Structure formats: C-alpha cells, structure tokens
Amino acid sequence: MTLAHPSELGDLFSLEVDERPVQFVRPLDTDRPDWGVYDDSTARQFLGMVHSELSDGTHVWRLGATAERHGTLDDAVRALRRPASWPRERSQVRDWARRVLADASLLSVDVETTGLGDAWAVQIAATDRAGTVVFNEYVNPLADIDPKAVALHKITPERVAGAATFAQLLPELTEVMAGRTCLSYNMPFDRGIFERELKRHHGADAPAAQWLDRCRWEDAMEPYAVWKGLWSVKRGRYRAQKLGGPHDAVEDCRVLLSRVEQMAAVPPPAYR
C-alpha cells in the first residue's frame, strides 16, 4: 500500500506487512507521530513503538527509544518482529565476518552476466582483502545479452564483442583463484556462472567440478540478511537485502567487502 505522510496518519490505522495485518495505536497522552504496534492476530501481540522523524530531510521510522531507524514503515515492523534469537544470531554473523576477513587468501569475487537463469559472464572481477584489483576483465559471452541486464550493468554487446572469451581468460583465472577463499554475494549464482562456463569449455561435468573445488566459497548474502534483522513472517526467515553496489564487478567487490567489514565491527554499528 502507499502510506500517507506521517502527519496525515490517524490515531488508529492498520496495514499488512508480509501478508499479516498490523495495527497502529497512538497513545492517548500525545499528538506526536508515535504509535504502538500490535501484531493483529488472535493474541494481539504488542511488538513495540515506532516514531516518525526527519533525517536529512527524509521521514524515517525509529524503533522505540533506540537509535535504530528504517526508511519504510514496513521495514520497521519487520525489525520489531525479529525473533528473540536475533542478538545471538547477529553475534554469530560477526564472528563469521571476522573469520572471513582474517583469511589471508580472501578474494572478493563478482560476475556481471547476460541475464538471470542460464546466463553467461560479461565481466568478472576479483579484489584482495584491501580492495586491490587482482582480476578485472570484460568477457565475450558468445551469446545475446538481455536488454534488462544491459540496463543494470551498462555492458552492451558492442562493448564485449572484441573481448576475450571465458576460455581465453581461464588460465589467468585459474592462477588468480585456485587455492583462494572466494567471497561472493549470492554465491550460488556467481559460482553457478563459473560452473556453466567451465562445462561449456570442457564439455563435461567432472573437470568443471574439479576446478571449482580448488576454491573455497563463502556467501555473504544470508549473513547480511541476518545482520540487518528484517524478519519476514511470510517466509519464516530474515529478508534478503540488496548489496547496494553499482553493478560494476570491481565496485561490487569493494562494496561487498565494506558490508562484511560492517558485520565484523565491534561494537556493532548503529542499525540503519
């Protein structure tokens, strides 16, 4: 739904978040933009308080008396719904992030592709722990590029027409990635692109699997979802978050490292 401006919201209103109704009740002793939040189920569970306020000219939603703010009321509700196990789970994520960042063999890896599903690589990049580029090449996919993908990463067919193919880049990729810990965001997708390219090159599954097994793969997507802590009652898990990069493989590698650094920070940064 399109939510009204906070100043136009009444003392009592409802909305659905992840297909479950939520009721908002303004306390009788105030006319400020403050509401108690109730899960509108049989038990009418009180979830907490939300307060609308301005931050850099934008209305945000603050949780209770905390510094935690969210850009949408839906996300504020998801934060209030997070399970009691969240602090422990977030601590586990912090430990995971520390371990990953302490790995001297760490590479941050990103692949831009011809599209979703059965896609091919159009750019592959890897940076070391410091964000220094160790590999960055455009790739001729020998296939069409979906216009929706071009709209995201701006890599046109003309741009990669004269680029090297994956097979031509494979010796250098092997030298860069073999024996390294490869950190990715949505690792099954990126690793799957490598697997598909390798199968096309070798014409068989076994050599592709052997190549992939020479790398240690880590996925930051699920840990970041836990760290953000926006619980979906519809899915029964934390909502996946967008990485927030510009869809350039090198810059996305660096953004990924910055997200893992945030997760590893002690004490945890103010939740935004």
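The following paragraphs examine the structure supplied in this document. (Residues numbered from 1 in each chain as written. Predicted model: local features only at pLDDT ≥ 70, side-chain atom pairs only at ≥ 80, totals over all residues. Heavy atoms only, no water.)

Further remarks concern the sheet that holds strand E10 (residues 181-184). Ordered by their spatial adjacency, five strands build an open sheet running E9-E8-E7-E10-E11, and the pairing between neighbours is mixed. Of all the strands in the sheet, just strand E9 (133-138) and strand E11 (216-219) have a single pairing partner and so form its edges. The mean inter-strand angle of the sheet, taken between neighbouring strand axes irrespective of direction, is 25°. Pairing between E10 and E11: four bridges, direction parallel. (Pairing = 2+ DSSP bridges. Helix = DSSP H or I, 4+ residues; strand = E, 2+ residues; numbered from the N terminus. Axes fitted to C-alpha atoms, helices over the stretch in contact; angles between N-to-C directions.)

Positive phi values are uncommon outside glycine, yet leucine 142 reaches one of about 55°. Looking at the secondary structure, you find leucine 142 in the loop between E9 and helix H3 (147-153).

The next thing to look at is the packing of helix H6 (residues 187-202) against helix H7 (residues 205-212). Interaxial distance between H6 and H7 falls to 8 Å at its minimum, and their mutual angle equals 135°. With respect to their mutual orientation, H6 and H7 come out oblique. For the crossing formed where H6 meets H7, the hand is right-handed. Of H7, the residues touching H6 (which contributes Arg191, Phe194, Glu195, Leu198, Lys199 and His202) are Asp205, Pro207, Ala208, Trp211 and Leu212. In terms of residue class, the contact of H6 with H7 is made up of six nonpolar, one polar and four charged. (Parallel < 35°, antiparallel > 145°, perpendicular 65-115°, else oblique. Left-handed = near helix turned anticlockwise from the far one by under 90°. Contact = heavy atoms within 4.5 Å. Nonpolar A, V, L, I, M, F, W, Y, C, P; charged D, E, K, R; others polar.)

This paragraph deals with the layout of surface pockets. Gaps between atoms show up when a probe of the same size as a water molecule is rolled over them. Of the pockets and cavities examined, the largest pocket occupies roughly 670 Å³. In terms of lining residues, the largest pocket is bounded by 23 residues, among which Glu112, Leu116, Leu152, Phe189 and His247 are the most central. Of all the elements in the fold, those that place two or more residues in the lining of the largest pocket are strand E7 (106-113), H3 and H6. Taken together, the residues of the lining of the largest pocket sort by class into eight nonpolar, eight polar and seven charged. (1 Å grid on protein atoms, 1.4 Å probe; cavity = no way out; pocket = protein on both sides within 12 Å on 5 of 7 lines; lining within 4 Å. Points joined across faces, edges and corners; volume = space filled by probe spheres on them.)

The subject of this paragraph is the pairing of strand E8 (residues 121-127). With seven of seven residues buried, E8 is to be regarded as a mostly interior element. Two elements, E7 and E8, share six bridges in a ladder whose sense is antiparallel. Bridging across to E8, serine 108 finds its partner in threonine 127. The sheet contact formed by E8 and E9 spans five bridges and is antiparallel. When the bridges of E9 are listed, isoleucine 124 appears paired with glutamate 137. Here E8 hands over to E9 after five residues, with glycine 131 in that stretch at a positive phi of 90°. (Buried < 20%, exposed > 50% of the residue type's maximum accessible area, 1.4 Å probe, protein only.)

Now for the pattern of salt bridges. Within this structure, the stated rule accounts for 18 salt bridges. A salt bridge links aspartate 34 to arginine 32; the nearest nitrogen and oxygen atoms lie 3.2 Å apart. On the basis of relative accessible area, arginine 32 is assigned to the exposed category, the value being 52%. Between glutamate 218 and arginine 99 there is a salt bridge; the shortest N-O distance is 3.2 Å. In this pair, glutamate 218 is assigned in strand E11 and arginine 99 in helix H2 (residues 86-101), connecting sequence segments 119 residues apart. Under the relative-accessibility criterion, glutamate 218 is labelled buried at 17%. Within the structure, one salt-bridge network assembled from shared partners comprises Asp18, Asp75, Arg78 and Arg239. (Salt bridge = Lys/Arg side-chain N within 4 Å of Asp/Glu carboxyl O.)

This part covers the side chain of histidine 51. In this fold, histidine 51 is placed in strand E4 (residues 45-55). On the basis of relative accessibility, which here comes to 12%, the residue histidine 51 falls in the buried class. There is a polar contact of 3.1 Å between the side chain of histidine 51 and the backbone oxygen of glycine 64. With residues near it in sequence (within four places) discarded, histidine 51 still touches Pro33, Asp34, Val60, Trp61, Arg62, Leu63 and Gly64. (Polar contact = N/O pair within 3.5 Å; in protein donor to acceptor, adjacent residues only side chain to side chain.)

Ile124, Phe166, Leu173, Met177, Phe194, Trp211 and Trp217 are the most contacted members of the largest nonpolar core, which totals 25 residues. Mapped by element, the contributors of at least two residues to this core are E7, E8, helix H5 (166-177), H6 and H7. Leaving out residues up to four positions away in the same chain, phenylalanine 194 has contacts with Val109, Val111, Ile124, Phe166, Leu173, Met177, Trp211, Leu212 and Trp217. By size, the runner-up hydrophobic cluster in this structure holds 23 residues, among which are Leu101, Val226, Trp227 and Leu256. (Core = buried A, V, L, I, M, F, W, Y, C linked by side-chain atoms within 4.5 Å.)

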